[in-house]
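The lines below spell out each chain.
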2 protein chains.
Amino acid sequence: MEAAVAFSSYIDESAPKFIHRLAQAVAIPSVSTDAARRPDVLKMGAWLNDQLQSLGVTTKLADVGTHVVDGQALPLPPIILGRIGNDPQKKTVLVYGHYDVQPAEKSDGWDTDPFQLVIDESTGRMFGRGSSDDKGPVLGWLNVLDAHKALGLELPVNMRFCFEGMEESNSEGLHDLIRSEVAKGKDGWFDGVDCVCISDNYWMNTRTPCLTYGLRGIAYFKVTVSGPSRDLHSGGFGRVVHEPMTDLVYLLGRLVTPKGEILIPGVEDMVAPADVEERDIYEKLDYTIADVEEAVGAPITLSDDKATVLMGRMRMPSLSLHGIEGAYSGPGGKTVIPASVSGKFSLRIVPPQTPESIKALVVPYIEQEFAKLESKNRLAVEMLGGGMPWMADYKHWNYEAARRATEAVYKRSPDLTREGGSIPVTLTFAESLGVNVLLLPMGRGDDGAHSTNEKLDRSNFIEGSKLLGTYLYELAAIPSQ
Amino acid sequence: MEAAVAFSSYIDESAPKFIHRLAQAVAIPSVSTDAARRPDVLKMGAWLNDQLQSLGVTTKLADVGTHVVDGQALPLPPIILGRIGNDPQKKTVLVYGHYDVQPAEKSDGWDTDPFQLVIDESTGRMFGRGSSDDKGPVLGWLNVLDAHKALGLELPVNMRFCFEGMEESNSEGLHDLIRSEVAKGKDGWFDGVDCVCISDNYWMNTRTPCLTYGLRGIAYFKVTVSGPSRDLHSGGFGRVVHEPMTDLVYLLGRLVTPKGEILIPGVEDMVAPADVEERDIYEKLDYTIADVEEAVGAPITLSDDKATVLMGRMRMPSLSLHGIEGAYSGPGGKTVIPASVSGKFSLRIVPPQTPESIKALVVPYIEQEFAKLESKNRLAVEMLGGGMPWMADYKHWNYEAARRATEAVYKRSPDLTREGGSIPVTLTFAESLGVNVLLLPMGRGDDGAHSTNEKLDRSNFIEGSKLLGTYLYELAAIPSQ
């Protein structure tokens, strides 16, 4: 592992150069959700492509067409496909990241210009939109390539790259491209990939590196109760007609208890209780009730038991009521009986639950509950969207390599976590390639990825770059059985 | 009653002149809610004042000051106080009406210019903003005065007038003025008033004249549940924290059943069941389930029994859920856990209920129900506003006079109705003067007072003018014991 040691030293020595490159990347406001910023997204893609090529990566800017925004046809940013190394004796790892960012305006409440990397020397925090999500991690891979090129070292594995510019806008074009590249077999850019590594999430806290092996899926529902042909005045019609709001609130009140238990029969039963070994993972996680309370700004956890709270987020389904469309939502008072109201709620789901299996339980249950009301109003239940949950085998050599790399760089074992939200590309890679996918975060839980004052700690950027490179060495060293 | 007969004939003969005057009134767009229209409201007040004076009424334009709209100080339209007749042998009746109107734009969906009275000769419908609410009824009184002046007849009663220009804008300035005039005793404009007549509501249907003797009051509540310091993502925090929406929906679901029964202990108990005599009023009303269904555009009445439905509107309290502030209310889906949500609901209340007595039941009930949840979120319950219910003695000679007048003009007995909404000035007159108040509508239930294509039927205007005059003769004739 002489090479690995030289690599790490180089990373330390080159920190100023790497931070300068991150500043260049942050300075390009590649906001994919803003049509006016689309040229900047394209510029960012070109910049990243140049960087990859200058570091020895063969690339292709995959054109995935256009899409229509506000009646205007916009070019989708290219998906950058890349490869370096083609040694059949080596493992091949596919790396994913994204070069677009969330919107940001100084007026949103940023303390500094969001598109200028500003470093607080006293804390080592580097503020800027995209610093943590996801330009920092993407540039971490560039740092690894840079070090090897500068030191004249050969990479310990073959690498493949997939960097998109639409992650913050539903990854338009990505999933089809992945499936089509996989379908091309030997002629595709993903041929021979043994495992995938995605660095696009965060540590749970500010202290402990983690490996993430699971994501919840989602099933989003809209339940509509309709009555009169127009809004009514409650003076004239209160206690005269069946009021859609009364019916809807009754139905929404029969979905989940204030303790978070899902009342739809069958939903909870689909998930086996955690066994001793699994529960032990949660007990050991470096995360406290106080961490949750700090994150949400109030002492409102459903339980005072850490493992229960963490399992609630990571391995249990949840049901949240998001709001009501069609009812009065303004300030002050209005004496309306709304004619038609739609409740919005969603379930976060875990294996073996699927959106379809959840829908098959939710729709008849709401219909049955509504029937009990003997209301003369009309009911409609629909699933607005769904996404599958994902879970990887965390005993796989891909995870073992990441664990060893974490121990080497951070001198501690990583936490093994699952996340409550979803990163759809994870599932697309896992399903279409049929290989193990690892989520290996670089940033911390307080980076504020989609908020004002997004930051990446300097140490996370530098140690994180070492982590990514060391992971490649551990991948090379570990038996792939 | 020779005079009454001559009066009625004159009204018939003068219909074209009266309709022409109504057209003049409708042509002044006296929209009190629109600051830009305030000069038109003042113009309408001046026009009405001129009319009254030319018909022999002594008037005063009471200045009630200014109010601030969008940072701009606007003059409140004057309240027109008037008197004609001062014979101690005669009864004195106080008449109320308003000369402002609801907003109206052709683009709202009007078939004709809303500020031009357009008569459909085939149906006799006279379309125009204010035709029915409330310029038609106010001009009905002018027609009565006009007839007596033209015929050289003395009015059978002393009359007092109170016409305001802010009824559609919370009657700003009116209530204080009434109380202050009453307090002046002999020096006030309302001295010696024996009864009040307000013509500012509608028949229940399109067929049957009615007298209205009750109005429901209101108690409007806002219940707020707050949890995290900011909105959360349901992926990260679903089944981690107590969600304010879940708690709020639970609370809102415990206020009223889908059948309309109020679940707050004590609220229903305050209202005595209808006795046989009272129930008989509802049974006899010329109103059908089909009338309700037509009005609301759907077959959604809470009961198939007519009297039950009508009592639900007129003599029972009701509770309506209006909406939620702070939750997601847009179209499509959003996976938010709202940080703080406020449910809005109100009760329509009936004697002996008062806003305060209702508040004393509602607030502790919600607090107790919330305590049962063992939620760590925070609760706040407040009453945003309230209005007292009103009910008059419908056996009073004031009502008897109106009943006899209706029978004389329409050849049928009027329905005795209560309304579900409120007309606050009614209560102010009843309480400050301590006399019987009669609601004597001119228009029909389908006039569309606050809608597009507001109309008044020609026959309602002409026969209604006769009704108002005949009512004065019956008032004069009836013993005031």
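Model, not experiment: these values are computed from the prediction. (Residues numbered from 1 in each chain as written. Chains lettered and ligands numbered in written order. Predicted model: local features only at pLDDT ≥ 70, side-chain atom pairs only at ≥ 80, totals over all residues. Heavy atoms only, no water.)

### Remarks on the interface of chain A and chain B
Here is step 1 of the chain: Counting residues at the interface gives 80 residues for chain A and 80 residues for chain B.
Here is step 2 of the chain: Here chain A and chain B share an interface that buries about 6100 Å² over both sides, 55% of which is from carbon and sulfur atoms.
Here is step 3 of the chain: Contact with chain B buries surface across chain A, with Arg239, Pro258 and Ile300 of chain A losing the most and accounting together for 14% of the total.
Here is step 4 of the chain: On the surface where chain A and chain B come into contact, there are six salt bridges.
Here is step 5 of the chain: Where lysine 259 of chain A meets glutamate 374 of chain B, a salt bridge forms, and the shortest distance between an N and an O atom there is 3.2 Å.
Here is step 6 of the chain: The tally of links from chain A across to chain B stands at 45 residue pairs in polar contact (both at pLDDT 80 or more).
Here is step 7 of the chain: The leading source of residues in the side of chain A that touches chain B is strand E13 (residues 318–325) of chain A, at eight residues.
Here is step 8 of the chain: Per-class residue counts for the side of chain A that touches chain B are 35 nonpolar, 29 polar and 16 charged. (Contact = heavy atoms within 4.5 Å. Buried area = accessible area lost by both parts, 1.4 Å probe. Salt bridge = Lys/Arg side-chain N within 4 Å of Asp/Glu carboxyl O. Polar contact = N/O pair within 3.5 Å; in protein donor to acceptor, adjacent residues only side chain to side chain. Helix = DSSP H or I, 4+ residues; strand = E, 2+ residues; numbered from the N terminus. Nonpolar A, V, L, I, M, F, W, Y, C, P; charged D, E, K, R; others polar.)

### Quick notes on the packing of aromatic side chains
Here is step 1 of the chain: Under the defined criterion, the tally for this structure stands at 16 aromatic pairs over all chains.
Here is step 2 of the chain: Pairing tyrosine 10 of chain A with phenylalanine 18 of chain A gives two aromatic rings, centres 6.4 Å apart and planes at 55 degrees, and the pair type is tilted.
Here is step 3 of the chain: Considering the side-chain rings of phenylalanine 7 of chain B and tyrosine 473 of chain B, the 6.5 Å spacing of their centres and the 40 degrees angle between planes classify their relative orientation as tilted. A residue pair is termed long-range when its members are at least 10 positions apart, and phenylalanine 7 of chain B in helix H1 (residues 2–13) and tyrosine 473 of chain B in helix H14 (residues 458–477) qualify at 466 residues.
Here is step 4 of the chain: Here a set of aromatic residues connected by ring pairs shows up, and it is made of Tyr96, Phe190 and Phe429 of chain A.
Here is step 5 of the chain: Over the ring of tryptophan 189 of chain A we find arginine 83 of chain A, and its NZ or CZ is 4.2 Å from the ring centre. (Phe/Tyr/Trp six-rings, centres within 6.5 Å; stacked < 30°, edge-to-face > 60°. Lys NZ or Arg CZ within 6 Å of the ring centre and 35° of its normal.)

### Here's the deal with the nonpolar core
Here is step 1 of the chain: In terms of nonpolar packing, the biggest core is built from 110 residues, with Leu145, Met159, Phe190, Phe429, Phe461, Tyr471 and Leu472 of chain B touching the most fellow members.
Here is step 2 of the chain: Among all residues touching methionine 159 of chain B, those that are not within four sequence positions of it are Gly82, Arg83, Ile84, Val93, Val95, Trp141, Leu145 and Leu472 of chain B.
Here is step 3 of the chain: Counting residues in each nonpolar core, the second largest holds 107 residues, with Leu48, Phe163, Trp390 and Tyr399 of chain A among its members. (Core = buried A, V, L, I, M, F, W, Y, C linked by side-chain atoms within 4.5 Å. Buried < 20%, exposed > 50% of the residue type's maximum accessible area, 1.4 Å probe, protein only.)

### Here we look at helix H13 (residues 424–433) of chain B
Residue and element names in this part refer to chain B.
Here is step 1 of the chain: Within H13, seven of the 10 residues are buried, which leaves the element mostly enclosed by the surrounding structure.
Here is step 2 of the chain: For H13, the full list of buried residues reads Val425, Thr426, Leu427, Thr428, Phe429, Ala430 and Leu433.
Here is step 3 of the chain: Glycine 434 occupies a position one or two residues after H13 and carries a positive phi of about 70 degrees.

### Digging into the relation of the copies chain A and chain B
Here is step 1 of the chain: Placing chain A over chain B gives an RMSD of 0.2 Å and needs a rotation angle of 180 degrees, together with 0.2 Å of translation along the axis. Given the turn and translation reported, the copies of this chain are related as if by a two-fold rotation axis. (Least-squares fit on C-alpha atoms with pLDDT ≥ 70 in both.)

### Description of the domain arrangement of chain A
One widely used convention gives an interface's size as the accessible area the parts lose upon coming together.
Here is step 1 of the chain: Segmentation of chain A into domains returns domain 1 (2–215 + 390–477) and domain 2 (218–271 + 316–387).
Here is step 2 of the chain: When each unit is reduced to the centre of its C-alpha atoms, the spacing between domain 1 of chain A and domain 2 of chain A is 39 Å. (Domains from an automatic or database assignment.)

### So, the UniProt feature "binding site: Mn(2+) 1" (unreviewed entry) in chain A
All names here are of chain A.
Here is step 1 of the chain: Under the UniProt annotation, the feature "binding site: Mn(2+) 1" (unreviewed entry) is placed at Asp133, Glu168 and His450. The greatest C-alpha distance among the annotated residues, which extend across 318 residues, is 9.8 Å, indicating that they converge on a single site.
Here is step 2 of the chain: Position of aspartate 133 among the secondary structure elements: in the loop between strand E7 (125–127) and helix H4 (135–151).
Here is step 3 of the chain: The class of aspartate 133 is buried, set by a relative accessible area of 4%.
Here is step 4 of the chain: Sequence-distant contacts of aspartate 133, defined by excluding residues within four places in its chain, comprise His98, Asp100, Val101, Glu168, Asp200, Tyr202, Ala449, His450 and Glu454.
Here is step 5 of the chain: When near neighbours in sequence (up to four residues on either side) are disregarded, glutamate 168 contacts Ser32, Thr33, His98, Asp100, Val101, Gln102, Asp133 and His450. (UniProt positions renumbered as here; feature names shortened; annotations may be inferred.)

### Concerning the sheet that holds strand E15 (residues 340–349) of chain A
All names here are of chain A.
Here is step 1 of the chain: Taken in spatial order, the four strands line up as E13-E15-E11-E16 in an open sheet, and their pairing is antiparallel. A strand with exactly one partner marks an edge of an open sheet, and here the two such strands are E13 and strand E16 (378–387). For this sheet, the mean angle separating the axes of adjacent strands, direction not counted, is 20 degrees.
Here is step 2 of the chain: In the sheet, strand E11 (residues 217–226) pairs with E15 via 10 bridges, with the strands oriented antiparallel. By the bridge assignment, threonine 224 is partnered in E15 with serine 342.
Here is step 3 of the chain: The sheet contacts of helix H11 (residues 355–373) involve E11, E15 and E16, and relative to E16 the element is tilted by about 165 degrees. (Pairing = 2+ DSSP bridges. Axes fitted to C-alpha atoms, helices over the stretch in contact; angles between N-to-C directions.)

### With respect to the packing of helix H2 (residues 15–26) of chain A against helix H14 (residues 458–477) of chain A
Residue and element names in this part refer to chain A.
Here is step 1 of the chain: As a packed pair, H2 and H14 sit with axes 11 Å apart at the nearest point and diverge in direction by 110 degrees. Taken together, H2 and H14 sit at an angle that is classed as roughly perpendicular. In this structure, H2 meets H14 at a crossing whose hand is right-handed. Residues Ala15, Phe18, Ile19 and Leu22 of H2 form the contact with H14, whose participating residues are Arg458, Phe461 and Ile462.
Here is step 2 of the chain: Grouping the constituent residues of the contact of H2 with H14 by class yields six nonpolar, no polar and one charged. (Parallel < 35°, antiparallel > 145°, perpendicular 65-115°, else oblique. Left-handed = near helix turned anticlockwise from the far one by under 90°.)

### A closer look at the sheet that holds strand E11 (residues 217–226) of chain B
Residue and element names in this part refer to chain B.
Here is step 1 of the chain: Across the sheet, which stays open at both edges, the four strands sit in the order E13-E15-E11-E16 with antiparallel pairing between neighbours. Of all the strands in the sheet, the pair left with one neighbour each is strand E13 (318–325) and strand E16 (378–387). Ignoring strand direction, the axes of neighbouring strands in this sheet form an average angle of 20 degrees.
Here is step 2 of the chain: As judged from the seven bridges shared by E13 and strand E15 (residues 340–349), these two strands associate in the antiparallel manner.

### Focus: the UniProt feature "active site" (unreviewed entry) in chain A
Residue and element names in this part refer to chain A.
Here is step 1 of the chain: According to UniProt, the "active site" (unreviewed entry) feature falls on Asp100 and Glu167. Over a stretch of 68 residues, the named residues converge on one spot in the fold, their C-alpha atoms separated by at most 6.7 Å.
Here is step 2 of the chain: Relative accessible area serves as the criterion here: at 0%, aspartate 100 is assigned to the buried category.
Here is step 3 of the chain: Among the polar contacts made by the side chain of aspartate 100, one reaches the side chain of serine 32 at a distance of 2.7 Å.
Here is step 4 of the chain: Setting aside anything within four residues of it in sequence, one finds glutamate 167 in contact with Tyr96, His98, Asp100 and Asp200.

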